[in-house]
Amino acid sequence: MSTLANRAGPFTHTVNTVTRTMLWVILALTPATAYGLWLYGWPAVMLFVITLVAALAFEAVMLVLLGQPVRARLLDGSALLTGWLLAMSLPPWAPWWIGVLGSLFAIVVAKHLFGGLGQNMFNPAMVARVVLLISFPVQLTMWVAPAPLGSTTTPSFGQALAYVSGYTPIPEHMSAATALGTLKTELSRGVSVEKTAAQLPQPQQLALGNESGSMGETSAMLLLAGGVLLLALRIISWHIPVSLLATLAVLAAVSHALHPDRFASMPIHLLSGAAMLGAFFIATDYVTSPVSRSGQLLFGAGIGALTWVIRALGGYPEGLAFAVVLMNALVPLIDRGFRPRVFGRSWRGTSLEAKSQPKIHI
């Protein structure tokens, strides 16, 4: 006797959940984050906390307004991760309202106005980063030299409070340009890239991250370790990170070989700025990246190419946030051109013949 059940497929079970994915990504980001907070001291700690609290607060407000379950959605970790990534991309001593405004753009505008988690077309953290950079270029390029906690150069808790609140301006002797910013500024003054690069930290120093930069972007080594952990757990695949970094590396190597006085070398492009953070933690966002593996390769290569173009030929020293947002806009087109094969059908859409007879006959 046979029994037919009228149920919809696919009958796939997995232990993976949104909360589990978000928590693993946050865990992978923790070493680079802890290093950045230690490297830039109390002002960075305060801005980091303010940004995360603001992201969670805006998430809660939007969930209440939209009539959605607040506790469950807050505990899924998505808003926490968005605020975390945004904070890591900010100048470590930026004023408090930069973190609050950035969270507003990320959570309210880029996420919920597009339909919420799973419906947003653009990466929320990168939308906030781009809007802030265009709207407040002074605050978003206010870089400082490392002032590790426990060192003589680090500001006290009270001084940090004054800097983050905007009550006291950042001392001029603490200002320091990033490696990419120094190259761009000196090139505009007629100084060759090769001559400027000789005064920058060596590649091994850039990999460790003991330099000026965004709160959580400077340590390429720790970000790479976090990315490898996500690859080992199969939370992300290699296609986007490898194609992004490989494209950026090839363009940097070829251009530098052809014109070393004009274009920076490959190690500078890979180890400075947001290359590692973007490759493993931002461009791999499930919602805003293509579905198919071939589409992901094209998507990653596009981000790598646009990042190099903006850095080398554009007006901004760093271009990864712009590149991610621009490629996010192309994801529907990429998915249309690189559709994955439907299970049980050929690439042309015709049904596949069974290779063997079923063992159970109904």
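On a predicted model such as this, the values are computed, not experimentally measured, just so you know.

> Mind showing me how you'd approach unusual backbone geometry here?
Excluding glycine, residues mostly carry a negative phi; peptide bonds, for their part, are mostly trans. Notably, Arg234 is not glycine yet its phi reads approximately 60 degrees, a positive angle. Structurally, the position occupied by Arg234 is in the loop between helix H11 (220–232) and helix H12 (239–258).

> Can you walk me through the environment of Ala329 in this structure?
In this fold, Ala329 is placed in helix H16 (residues 320–337). The spacing of Ala329 and Pro95 is 234 residues in sequence and 30 Å in space, taken between C-alpha atoms.

> So what exactly am I meant to see when it comes to the UniProt feature "transmembrane region" (unreviewed entry) in the chain here?
Those places that UniProt annotates as "transmembrane region" (unreviewed entry) correspond, in this numbering, to residues 21–40, 46–67, 74–90, 96–114, 126–145, 240–258, 264–283 and 320–338. Taken end to end, residues 46–67 comprises 95% helix and 0% strand; its first and last C-alpha atoms sit 32 Å apart. With 70% helix and 0% strand, residues 126–145 has its two end C-alpha atoms placed 24 Å apart.

> Quick question: what am I supposed to make of the pattern of salt bridges here?
Side-chain pairs of opposite charge can arise whenever the charged atoms involved come near each other. Taken as a whole and judged by the stated rule, the model has three salt bridges. The closest approach of N and O atoms between Glu318 and Arg311, which form a salt bridge, is 2.9 Å. Assessed through its relative accessible area of 16%, Glu318 is described here as buried. The exposure class of Arg311 is buried, given its relative accessible area of 4%.

> Which parts of the structure should I look at to understand the UniProt feature "modified residue: FMN phosphoryl threonine" (unreviewed entry) in the chain?
As annotated by UniProt and renumbered to match this structure, "modified residue: FMN phosphoryl threonine" (unreviewed entry) occupies Thr178. For Thr178, a relative accessible area of 15% corresponds to the buried category. Apart from residues lying up to four places away in sequence, Thr178 is in contact with Trp143, Ser212 and Gly213.

> What is the right way to read the side chain of His112 from this model?
By secondary structure assignment, the location of His112 is in the loop between helix H4 (96–111) and helix H5 (124–135). Excluding residues within four positions of it along the chain, His112 makes contact with Glu59, Met62, Leu63, Leu66 and Ile107.

> Please explain the layout of surface pockets as it appears in this structure.
Empty space left among the atoms is revealed by rolling a probe the size of a water molecule over them. Volume-wise, the largest pocket comes out at about 510 Å³. Mapped onto the lining of the largest pocket, the elements with two or more residues apiece are helix H1 (18–66), helix H3 (78–88), H5 and helix H14 (275–282). No other element matches H3, which puts five residues into the lining of the largest pocket. A per-class count over the lining of the largest pocket returns 17 nonpolar, nine polar and two charged.

> Honestly, H16 in this entry has me stumped. Any pointers?
Owing to its 3.6 residues per turn, the α-helix aligns residues three or four sequence positions apart on the same side. With 18 residues, H16 extends 24 Å from end C-alpha to end C-alpha; this agrees with the ideal 26 Å at 1.5 Å per step. Every buried residue of H16 is accounted for by Leu320, Ala321, Phe322, Ala323, Val324, Val325, Met327, Asn328, Val331 and Ile334. On the buried face of H16, the contacting elements are H5, H14 and helix H15 (293–313).

Basis of the calculations
- In every chain, residue numbers begin from 1 and rise along the written sequence.
- Local features in a predicted model are, by the rule used here, given only for residues with pLDDT of at least 70; side-chain atom pairs are given and counted only at 80 or more, and totals for whole chains, interfaces and linings are based on all residues.
- Hydrogens and water are ignored here; the side-chain numbers use all heavy atoms of the structure.
- Strands are runs of DSSP state E lasting at least two residues, helices are runs of H or I lasting at least four, and both sets are numbered from the N terminus onward.
- UniProt positions are given in the numbering used here, feature names are shortened, and annotations may be inferred rather than shown by experiment.
- In the sections that follow, a salt bridge refers to a side-chain nitrogen of Lys or Arg positioned within 4 Å of a carboxyl oxygen of Asp or Glu.
- Buried, partly exposed and exposed residues are distinguished by accessible area as a fraction of the type maximum, computed with a 1.4 Å probe on protein chains only: under 20%, between the cut-offs, and over 50%, respectively.
- Any pair of residues with heavy atoms lying within 4.5 Å of one another is described as a contacting pair.
- Think of a 1 Å grid over just the protein atoms. A cavity is a set of points where a 1.4 Å probe fits yet cannot get out, a pocket is an open set with protein on both sides within 12 Å along at least five of seven lines, and lining residues have an atom within 4 Å of a point.
- Grid points are joined across faces, edges and corners, and a volume is the space filled by probe spheres set on the points.
- All residues other than Ala, Val, Leu, Ile, Met, Phe, Trp, Tyr, Cys, Pro, Asp, Glu, Lys and Arg, Gly among them, are scored as polar; the first ten of these are nonpolar and the last four charged.
- An expected span of 1.5 Å times one less than the residue number is assigned to each helix.

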